[in-house]
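Summary of structural features
Listed here are the chains, written in short residue letters.
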Amino acid sequence: MNSPTDSGGGEPGGRPRGAADKASPQLTHTLFRLFVVAVLASFFVFQLDVGYLWLTALLTLAGIVLGILLIIRAVKYKAPRLVLFGTLSGMVVSVVMLLVILASSLFFNQIRDYQQCVRHALTLQATSACQTQLQNSMPTQLR
């Protein structure tokens, strides 16, 4: 018969104390991978088309939330410095993407028209005309 001291675990439910410590780095690395994917995906989705601005915003928001969680976990569980450095770098990229998203949402119609114009431009002269059209469609304070 087992005594209460050798029940196989230090926590209620029979789970050994070391399991949480072993699972913590794995969860941190999994969250870090998801964070990297979210940050890179938000950057590349933005490059596709301004019509996907909503998806870019969603991925950027997910990246910021995961980044905050990772910074907390990195400090709490003493994660490797590479994870902390990568998370801080990714947070900088996410903040820049947030600013780009805000600017793109302010000038959504102008950017959409420019992208459509460039899609149909076959020559450098046509591309230059698209850029001139974009400049003329911007408010005079931004020219």
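This one's a predicted model, so the numbers in the text were calculated from it and none came from an experiment.

Some words on the overall build of the chain
When its secondary structure is counted, the chain shows five helices and zero strands. Ordering the α and β elements of the chain from the N terminus gives α-α-α-α-α. For the chain, with 143 residues in total, the buried portion stands at 24%. Looking at the chain alone, contacts between residues at least 24 apart form 64% of all its contacts between residues at least 6 apart. Element-wise, carbon and sulfur atoms account for 67% of the exposed surface of the chain, whose accessible area totals about 10000 Å².

Looking at the environment of F46
Note that F46 resides in helix α1 (residues 17-48). Along the sequence, F46 and A57 sit eleven residues apart, while their C-alpha atoms lie 9.0 Å from each other. Excluding residues within four positions of it along the chain, F46 makes contact with L53, T56, M97, V100 and S104.

A short note on the state of the cysteines
Within the structure shown, the criterion is met by one disulfide. Across a sulfur-sulfur distance of 1.9 Å, C117 and C130 are joined as a disulfide pair. With the S-S dihedral at roughly -80 degrees, the linkage between C117 and C130 falls on the left-handed side. Of this pair, C117 sits in helix α4 (residues 108-120) while C130 sits in helix α5 (residues 124-137), and the two are 13 residues apart along the sequence.

Description of the packing of aromatic side chains
Taken as a whole and assessed by the stated rule, the structure comprises one aromatic pair. Both rings, one in F43 and one in F44, keep their centres 5.3 Å apart while their planes meet at 70 degrees; by these two values the pair is edge-to-face. Under the relative-accessibility criterion, F43 is labelled partly exposed at 36%.

What counts, and where the lines are drawn
Residues numbered from 1 in each chain as written. Predicted model: local features only at pLDDT ≥ 70, side-chain atom pairs only at ≥ 80, totals over all residues. Heavy atoms only, no water. Helix = DSSP H or I, 4+ residues; strand = E, 2+ residues; numbered from the N terminus. Buried < 20%, exposed > 50% of the residue type's maximum accessible area, 1.4 Å probe, protein only. Contact = heavy atoms within 4.5 Å. Areas by Shrake-Rupley, 256 points an atom, 1.4 Å probe, with all protein chains shown as cover. Disulfide = S-S within 2.5 Å. Phe/Tyr/Trp six-rings, centres within 6.5 Å; stacked < 30°, edge-to-face > 60°.

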